[in-house]
Amino acid sequence: PITIVEMPQAPIVPKSPLTGLVARKDPLVVIKVDNASTARPFQRGVNHASIVYQELVESGQTRFAAVYDGSWSGEVGPIRSARETDIELLAEYGRVTLGFSGANKGVFASINRAVKRNHLRDASHESVPGAYREGVRRPDSYNFFSTPNKLRAAKPGVTAKDIGLTFAPLAKTAGRQADAATIRFSTTAEVVIRYNKQTGRYAVFQDGTPMEGVAPANVIVQRVSVRGSEYVDVLGSRTPYTVSTGKGSSVLFRNGRLVTGTWRRLTVETGTRFLDDKGRDLPLKPGPTWILLQPQGESLTWSP
């Protein structure tokens, strides 16, 4: 008689909806990180985020909202204030933990309303000061640092869920070759990315300054509408409000290729889908992703 031996099947490893890598069960933490020129020498931990959003703030500067899934336990900072924009932007994650330091009274009121509606967990320095460390004082700001573990322990939120990203191979004929690109946010802020063929990742430069260790697998330029909010900063500059719902054009950079498409987010609670010119989900490469929320009308140039 023939004996049939069944080979054991390899266990299915769950993949993260944020990175396409091995899924984590830790609650998510989003941390607002300063990107002023005076903050860059102190920046740490941004290179370990699963997703990083770059958004416009006052006076043409930009700031990061870095999303951590549990794979990084070191310090992150300098941590700065939240914006009204963040409430709408992060709603697609669910009741996520938000780490920040400071905000004006109106924004704090909006965040408190979002907390009561179970849209956010307030893990700010004002809410849980013991979770923060004060570093060297800068002439223009305090330098606060914390870790995702401290913030999620203080105010645990939700774990990662599908927010609209798709991870899959990229067709060799998709898009066009683009080894470098310059994405402008304002007359005073621009981002340069350069593809590294050896690593398959992108180097990121902020206003000409290289970000040490930062190497996303994907860079998405999401062109958005930006309007003035009702708030101003301490210098009296009007705070921009980035609209992250609706639809618009987008550009994906991965594997040294540029693929044009669109983005669509129907409601505040739903995820953001990035689509190619035929309406199919743009395939991301497994790994970290940077999403640049570029104001409509600003320039994007690239070179092969």
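Here goes a summary of the coordinates provided.

Cut-offs and rules
- Residues numbered from 1 in each chain as written.
- Predicted model: local features only at pLDDT ≥ 70, side-chain atom pairs only at ≥ 80, totals over all residues.
- Heavy atoms only, no water.
- Helix = DSSP H or I, 4+ residues; strand = E, 2+ residues; numbered from the N terminus.
- Rg over C-alpha atoms; globule rule 2.2 N^0.38 Å.
- Buried < 20%, exposed > 50% of the residue type's maximum accessible area, 1.4 Å probe, protein only.
- Pairing = 2+ DSSP bridges.
- Salt bridge = Lys/Arg side-chain N within 4 Å of Asp/Glu carboxyl O.
- Expected span 1.5 Å × (residues − 1).
- Polar contact = N/O pair within 3.5 Å; in protein donor to acceptor, adjacent residues only side chain to side chain.
- Phe/Tyr/Trp six-rings, centres within 6.5 Å; stacked < 30°, edge-to-face > 60°.
- Lys NZ or Arg CZ within 6 Å of the ring centre and 35° of its normal.
- Core = buried A, V, L, I, M, F, W, Y, C linked by side-chain atoms within 4.5 Å.
- Contact = heavy atoms within 4.5 Å.

What follows covers the overall build of the chain. For the chain, the count of helices and strands is three helices and 22 strands. Radius of gyration (C-alpha) of the chain: 20 Å, near the 19 Å computed for a compact globule of 304 residues. Seen through its principal axes, the chain has C-alpha atoms that stretch 80 × 45 × 35 Å. The proportion of buried residues among the 304 residues of the chain is 51%.

Next up on the list: the sheet that holds strand β13 (residues 201-206). The five strands lie next to each other as β14-β13-β12-β11-β22, forming an open sheet whose pairing is antiparallel. Each edge of the open sheet carries a strand with a single partner, namely β14 (209-210) and β22 (300-303). In this structure, strand β12 (residues 189-196) lies alongside β13, joined through six bridges in antiparallel fashion. Looking at β13, one finds that V191 is bridged to Q206.

Let us look at the pattern of salt bridges. Under the defined criterion, the tally for this structure stands at 13 salt bridges. With a closest N to O distance of 2.9 Å, D276 and R280 form a salt bridge. Here the salt bridges share partners, and the residues they tie into one network are D34, R80, R138 and D140.

Once that is clear, we can look at helix α2 (residues 105-116). With twelve residues, α2 extends 17 Å from end C-alpha to end C-alpha; this agrees with the ideal 16 Å at 1.5 Å per step. Where α2 starts, the residue carrying a side-chain oxygen 3.1 Å from the main-chain nitrogen of G106 turns out to be N104. Immediately beyond the C-terminal end of α2, within one or two residues, lies N118, with a positive phi of roughly 65°.

In terms of burial, strand β1 (residues 29-34) is largely enclosed, as six of its six residues are buried. Here β1 shows a buried face lined by V29, I31 and V33 and a second buried face lined by V30, K32 and D34. Sheet topology note: the β1/strand β3 (residues 62-68) ladder contains six bridges and is antiparallel. Bridge pairing links K32 to A65 in β3.

Quick look at the environment of E84 now. Within the secondary structure, E84 is located in helix α1 (residues 84-90). Placed 158 residues apart in sequence, E84 and T242 show a C-alpha to C-alpha distance of 8.8 Å.

Another aspect to go through is the packing of aromatic side chains. In total, this model carries five aromatic pairs according to the counting rule given. The interplanar angle of 70° and the centroid separation of 5.3 Å between the aromatic rings of F64 and W290 together place this pair among those described as edge-to-face. Of this pair, F64 sits in strand β3 while W290 sits in strand β21 (residues 289-295); the two residues are 226 residues apart in sequence, bridging distant segments of the chain. Comparing F64 with W290, the two get one shared label, buried. Ring plane angle 50° and centroid distance 5.1 Å describe the contact between Y195 and Y202, whose orientation is recorded as tilted. Residues Y195 and Y202 agree in their burial class; the two are buried. Across from the ring centre of F145, 4.4 Å away, lies the NZ or CZ of R44, which sits over that ring.

With that settled, consider the nonpolar core. Counting residues in hydrophobic clusters, the biggest one holds 38 residues, and the most contacted among them are I31, I183, I193, F253, W290 and L292. Ranked by residue count, the leading element in this core is β12, at four residues. Ignoring any residue separated from it by four or fewer positions in sequence, one finds I193 in contact with D179, A180, A181, I183, Y202, A203, V204, V219 and F253. Judged by nonpolar contacts, the second largest core, of 34 residues, contains L28, A82, V224 and W263.

Moving on: the side chain of R40. Structurally, R40 is set in the loop between β1 and β2 (51-56). Using a relative accessible area of 16% as the deciding quantity, one classes R40 as buried. Among the polar contacts made by the side chain of R40, one reaches the main-chain carbonyl oxygen of Q206 at a distance of 3.4 Å. Once residues lying within four places of it in the same chain are set aside, the contact partners of R40 are N35, Q206, D207 and T209.

Treat this as a map of the structure, not an account of what it does.
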